[in-house]
Amino acid sequence: MKELICIVCPRGCHLQVDEDNGFAVTGNSCPRGAEYGRNEAVHPVRTLTSTVRIEGAPITRLPVRTASAIPKALLFDAMNEINRTSVHAPVKRGQAVIKDLLGTGVDVIATRDL
Amino acid sequence: MSYELIVIGAGPAGLAAALSARKQGLTRIAILERDKYLGGILNQCIHNGFGLHRFREELTGPEYAGRFIDELSGSGIDVFTDTMVLNVTRDKQVHCVSPQYGYRILEAQSVVLAMGCRERTRGAIGIPGDRPSGVFTAGTAQRYLNLEGYLCGKRVLILGSGDIGLIMARRMTLEGAKVLACVEVMPYSGGLSRNIAQCLNDFNIPLYLSHTVTEIRAQNGRISGVTVSKVDENRRPIPGTEMDFECDTLLLSVGLIPENELTRGMGIAIDPRTNGAVVYENMETDLPGVFACGNVAHVHDLVDYVSKESEKAGAAAAKYVLQGPNEGEAIDVINGDGVSYTLPQRIRVSALDGAAEIFFRVRRNYGKAQIEVLSGDESIAVYKRDRLAPGEMESIRLSRELLSKARGEIRVSIKEQ
Amino acid sequence: MTDVIVIGCGVIGAALAYRLSQYKLKVLVLEKQNDVAMGATRANSAIIHAGFDPEPGTLMAKLNVQGSNMARTLCEKLSVPYLNNGALVLGFDKEEELTLNKLYERGIKNGVEGLSLLDGEQTRAMEPHVSREVTLSLYAPTSAIVDPWEYALAFAEVAKTNGVDFRFEQEVTAIEKTAFGYTVITRKGRYDTRFVVNCAGVASDTVHDMVAPKSFTIRPVRGDYCVLDKNENSKAHCTLFQCPSKSGKGVLVTPTVHGNLLVGPNAVPCEDKFRVNTTADGIDFVKRMALRSVPDVDFRSTIRSYAGMRANHDRDDFIIEFAAPAFLDIAGIKSPGLSAAPAIALEALKLLEGVGLPMERNPSATDERKKLRFRNMTVEERQRAISENPLYGRVICRCETVTEAEILGAIHSPLTPHSIDGIKRRAGSGMGRCQGGFCSPKIVELLARELGISPLEVLKDGAGSYILDSETKDGEKANEL
């Protein structure tokens, strides 16, 4: 039995995932919690947020995030990619600044207009 | 120059209040913002987790702010950035300065106070020792990191497990720093459980509950280490439990304080429990036509609730301007057993549109518990919860009918089951 | 070759440089730290004492009263925040009443004006927050409060304007006697001079020992202080002292010229004269003692604590004497050194003239400094200031209402600061309730821009106190769009 704190929403449910029983989840308050619990046991993923360099804007860093969650194991490799990225203003919120990050199929997108 | 409504602050509270007042029919609205940008502290909160309640999406701070800023364009609301309000008089003259417009006195029929909060500092909690560089409040370090692109240090200890501290533990780790530990004086974390999970546990950062920093040491002007000690139930360090950490940075995430200097200057009553203005059910202060919302009224943990509360304030300001002052007898809302504060502190039952929503925080962690609303000795409502935590703001709704039974004051208490 | 080298730029060295700069002299000030007022001058009680405390007949008594009398005019001339708020020494029992009577008589002998004794009721009529236990107090109307580092900075800035050479981060490591006077040696250079004045504060014994046999030893005494939010300021209008007793001089409660409430200090003899750390015990003691004077001080409003080191020593009086020919010690300047500083400088000048320093007035020298503070302006003055310089309309430090114009003024002042705390001492930014949380990043940016340095080089305070470790995203730009 694996004990987890659900990170899907601020409620922070305490989940139990039964690895021996088809990853059945208890302690969740919603279906998304059950899905999180199962994924976390099998294939944990995280949304990564960071910044990239931006030229030609009033500030020097543009906030970015992965458009959806990526494998947790890839977080630091993803940071290496992000750290090597630089963009020029203007940038719109939602615009991709890295396409298909590390072959995950997930883009890194700007989160602010600059 | 004169306005129907002047909103002070263009963080999430100010933006929501202004937009809501606009929707309720006010046409001459101004927002005054001291920074050069709109969005307030959300601009540096680049992590995700915002907007789940409001937008059913997980947004970052800048994205959440961006949705409101988008709505502003074309709304006809006057926005003055780079503008600092110096004082507001009781007859609602707003004295402000900016490089562009100089010293101006703007007149308002109503005012929404949305100045936000500041961080508690080393001085406020009195950590003894040397006074070197390298001791930062978490929010200041966050600003350097996320807006300006500078890492404050490489070996970091974090005092306080408030959400900003937890978020910064993850951010600094991802940016190449080693976060040694997070130290919390209380026996429970002040932050959200999900942040303990995804900011500390994900990166194997230990959390020391019931511990605090008891000395700061310096070498050549920069912090070189700290002593961490276990504390007893009265939060007194226990001799013999000292642990030394070598670090070049100490981040403090030890609480937020509503910034009510303008409010005090106006002679508005402040509630020592919230450090914010005493407010009525519609977020109006004891000065008619002046409203307070967001972190200046009480410190929130979720921006979604800030927006909701601020929309209430904005709508109430519009109603005040268009329909005149609120009247009617008020009952007091008091924090009872296990509750540290309630908001609003006063409810005018006759002025309620439907139910009153009461926000509060509990003093400690509870398992299954009952929230009880008492009028005198009589219980007028009971709500069940599976768990309650000081780090998470709670709310209950009380119908007009229930409230009309109350005499003088009502008390919100917690009973563990 | 210079005429005079002043070693140390605390308030004593600065006041002396100010006086020397009025004459046609070549003067060099060598300071170990990277700014003015980095020792005892930056961390003390900020009081201009009336002068009833020192023993009659001592240099301390004479120079305290003289210095105190000079302070008001000097502060006006130099735009230094100064407030003549008066002082009360509180007595709690019969024994302390005797002490107060003694202090009263001593004050009269020292030439302190306006002293009177007040009973408990009269005391509380003046200061409603004073303890009910107070039975008698000594009122000294000439006592005042000042901004100590502005006092030192003003002296130094005027001296600099008049041509005095200031060199920072120049710790004196040796002094050689020469045919014409002395060669003063630091790690950065050798400086020839005819006269030397030792104003090295807690290190004044070390400097003395470089030219003469040991004649005194500094025995430094540390004191902890708490600064409280402006909302506690109304708890005291006068400076409230306790009676000096066997257990020490007592803890004071006083308003500051910035509008805060200050309490402290304790008195702890220290081994390491350069480590000014606060301690939990010290702060606890200071709080407990302050509550004796003013029981309703709310220490939850503490915004900062600090400790200062006083240059106490194994002799009693100030040491103002020649250690060797043309080598003047101004040493062991403990309390009331800040109050006495301008008088000490004049005394030193007299002594130097007596041994042949030529004193020809420099007609082009100034003895004034003008400094505008936005927070003290009227609405009309503020309007005018912003219309002349729009940067007065941008508030950088929101707690203390310090504008960008003032920050830039501080950066480009005669003695360029390189640190956030240097700006704080000059402009008053970061002194408020958020303790620089909001304004520090902006000031780092302004310092870097104006001085043409990287933000990574901006210091918080002294040498080594860097703020930012490294820039993020330092990798190559492989993914440039």
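In this text, all values refer to a predicted model and were calculated from it rather than measured experimentally.

> Would you explain the overall build of chain C in this entry?
Counting its regular elements, chain C contains 12 helices and 23 strands. Computed over its C-alpha atoms, the radius of gyration of chain C comes to 23 Å, within 12% of the 23 Å expected for a compact globule of 481 residues. For chain C, the spread of C-alpha atoms along the principal axes amounts to about 75 × 65 × 45 Å. If you take every contact in chain C between residues at least 6 apart in sequence, the share linking residues at least 24 apart comes to 72%.

> Explanation requested: the interface of chain B and chain A in the structure shown.
Frequently, the measure chosen for interface size is the accessible area that the parts lose on association. Counting residues at the interface gives 21 residues for chain B and 22 residues for chain A. Listed by contribution, the elements that provide at least two residues to the side of chain B that touches chain A are helix H2 (61-72) and helix H6 (193-200) of chain B. Ranked by the residues each element gives to the side of chain B that touches chain A, the list is headed by H6 of chain B, at five residues. For the side of chain B that touches chain A, the per-class residue count stands at nine nonpolar, eight polar and four charged.

> What am I meant to see in the environment of Thr89 of chain B here?
All names here are of chain B. Looking at the secondary structure, you find Thr89 in the loop between strand E6 (84-88) and strand E7 (93-98). The class for Thr89 is partly exposed, based on 13 C-beta atoms found within 10 Å. Between the alpha carbons of Thr89 and Met266 there is a distance of 5.8 Å; along the sequence they are 177 residues apart.

> Is there a simple way to think about the interface of chain B and chain C in this case?
The interface of chain B with chain C comprises 40 residues on the first partner and 43 residues on the second. Counting residues per element, the ones that place at least two in the side of chain B that touches chain C are E6, E7, strand E8 (102-113), strand E9 (117-119), helix H3 (122-125), helix H4 (138-146) and strand E11 (150-151) of chain B. Per-element tally for the side of chain B that touches chain C: the top contributor is H4 of chain B, with five residues.

> Hey, could you run me through the environment of Arg449 of chain C in this one?
Structurally, the position occupied by Arg449 of chain C is in helix H12 (residues 440-451). In this structure the C-alpha to C-alpha distance between Arg449 of chain C and Pro336 of chain C, which are 113 residues apart in sequence, comes to 40 Å.

> Just to check I follow, could you spell out the confidence of the model for chain C for this structure?
Caution applies to low-pLDDT parts of the model: their predicted coordinates are not meant to be read in detail. Here chain C shows a mean pLDDT of 95. Residues at 70 or above account for 98%. In the predicted complex, the global pTM is 0.94; the interface-specific ipTM is 0.94.

> Looking at this structure, I do not really get the sheet that holds strand E16 (residues 222-230) of chain B. What am I missing?
Pairing between sheet strands relies on hydrogen bonds along the backbone, with the strands arranged either parallel or antiparallel. All names here are of chain B. Pairing in this open sheet of three strands is antiparallel, and the strands run E15-E16-E17 from one edge to the other. The open sheet has two free edges, formed respectively by strand E15 (211-219) and strand E17 (243-246), since each of these has just one partner strand. Averaged over all neighbouring strand pairs, the angle between strand axes comes to 25°, with direction disregarded. Here E16 pairs with E17 via four bridges, running antiparallel. Bridged to Val226 within E17 is Phe245.

> Is there a simple way to explain the packing of H4 of chain B against helix H5 (residues 163-174) of chain B in this structure?
All names here are of chain B. The interhelical angle for the contact between H4 and H5, taken along N-to-C directions, is 35°, at an axis separation of 9 Å. Seen from above, H4 lies across H5 with left-handed handedness. Packed against H4, whose contacting residues are Ala138, Gly139, Ala141, Gln142 and Leu145, the element H5 presents Ile164, Gly165, Met168 and Arg171 at the interface. Here the residues of the contact of H4 with H5 are counted per class, giving five nonpolar, three polar and one charged.

> Explain the pairing of strand E1 (residues 2-7) of chain C to me, please; I cannot follow it from the model alone.
Where a strand is regular, its side chains alternate between the two sheet faces. All names here are of chain C. Relative to strand E12 (residues 189-198), E1 runs parallel, the two being bridged by five bridges. For Ile7, the partnering residue across the bridge sits in E12 and is Asn198. In this structure, E1 lies alongside strand E2 (residues 27-30), joined through four bridges in parallel fashion. Its bridge partner lying in E2, Ile5 is registered against Leu28.

> Please clarify how the domain arrangement of chain C should be interpreted in this entry.
All names here are of chain C. With domains assigned, chain C is organised as domain 1 (1-80 + 146-217 + 311-370), domain 2 (87-141 + 221-310) and domain 3 (374-457). Relative to domain 2, the C-alpha centre of domain 1 lies at a distance of 28 Å. Domain 1 puts 22 residues into the contact, and the matching count from domain 2 is 28 residues. Within the side of domain 1 that touches domain 2, the residues separate by chemical class into 13 nonpolar, six polar and three charged.

> I tried to follow the sheet that holds strand E10 (residues 108-110) of chain A on my own but got confused; where do I start?
Residue and element names in this part refer to chain A. The sheet built from five strands is open, its strands ordered E8-E5-E6-E10-E9 with mixed pairing. Across the chains shown, the open sheet's two edge strands, defined by having one partner strand only, are strand E8 (86-88) and strand E9 (96-98). Pairs of neighbouring strands in the sheet enclose a mean axial angle of 45°, with direction left out of account. In this sheet, E8 lies alongside strand E5 (residues 49-55) in parallel orientation, the contact comprising three bridges. What sits directly across from Arg53, in E8, is Ser86.

> How should helix H11 (residues 420-427) of chain C be read in this particular structure?
Side chains that are three or four residues apart share a direction in an α-helix, a result of its 3.6 residues per turn. Residues and elements named next belong to chain C. Burial within H11 is extensive, with eight of its eight residues counted as buried. Every buried residue of H11 is listed here: Ile420, Asp421, Gly422, Ile423, Lys424, Arg425, Arg426 and Ala427. Along its buried surface, H11 packs onto helix H5 (148-161), strand E22 (402-403), helix H10 (404-411) and H12. Following H11 by one or two positions, Gly428 has its phi on the positive side, about 85°.

> So what exactly am I meant to see when it comes to the domain arrangement of chain B here?
Residue and element names in this part refer to chain B. Taken domain by domain, chain B holds domain 1 (1-118 + 255-325), domain 2 (121-254) and domain 3 (327-417). Placing a centre on the C-alpha atoms of domain 1 and another on those of domain 3 gives a separation of 25 Å. Each partner contributes residues to the interface: domain 1 has 14 residues there, and domain 3 has 17 residues. Tallied by class, residues from the side of domain 1 that touches domain 3 come to six nonpolar, four polar and four charged.

> In this structure, what is going on with unusual backbone geometry? I would like to understand it.
Among all residues save glycine, negative phi is the norm, and among peptide bonds the norm is trans. Residue and element names in this part refer to chain C. Cis geometry marks the peptide bond from Gly264 to Pro265; its omega dihedral reads -10°. Tracing the sequence through the fold places Pro265 in the loop between strand E16 (261-264) and strand E17 (268-269). The linkage connecting Ser335 with the following residue, Pro336, adopts the cis geometry, with an omega of 5°. Mapped onto the elements of the fold, Pro336 is located in the loop between strand E20 (327-331) and helix H8 (337-354). Of note, Ser79 is a non-glycine position whose phi angle comes to about 50°, a positive value. Here Ser79 lies in the loop between helix H2 (59-78) and strand E4 (82-83). The backbone of Gln435 sits at a positive phi, close to 55°, despite the residue not being glycine.

Calculation criteria
Residues numbered from 1 in each chain as written. Chains lettered and ligands numbered in written order. Predicted model: local features only at pLDDT ≥ 70, side-chain atom pairs only at ≥ 80, totals over all residues. Helix = DSSP H or I, 4+ residues; strand = E, 2+ residues; numbered from the N terminus. Rg over C-alpha atoms; globule rule 2.2 N^0.38 Å. Contact = placed C-beta atoms within 7 Å. Nonpolar A, V, L, I, M, F, W, Y, C, P; charged D, E, K, R; others polar. Buried ≥ 20, exposed ≤ 12 C-beta atoms within 10 Å, placed from the backbone. pLDDT = per-residue confidence, 0-100. Pairing = 2+ DSSP bridges. Axes fitted to C-alpha atoms, helices over the stretch in contact; angles between N-to-C directions. Left-handed = near helix turned anticlockwise from the far one by under 90°. Domains from an automatic or database assignment.

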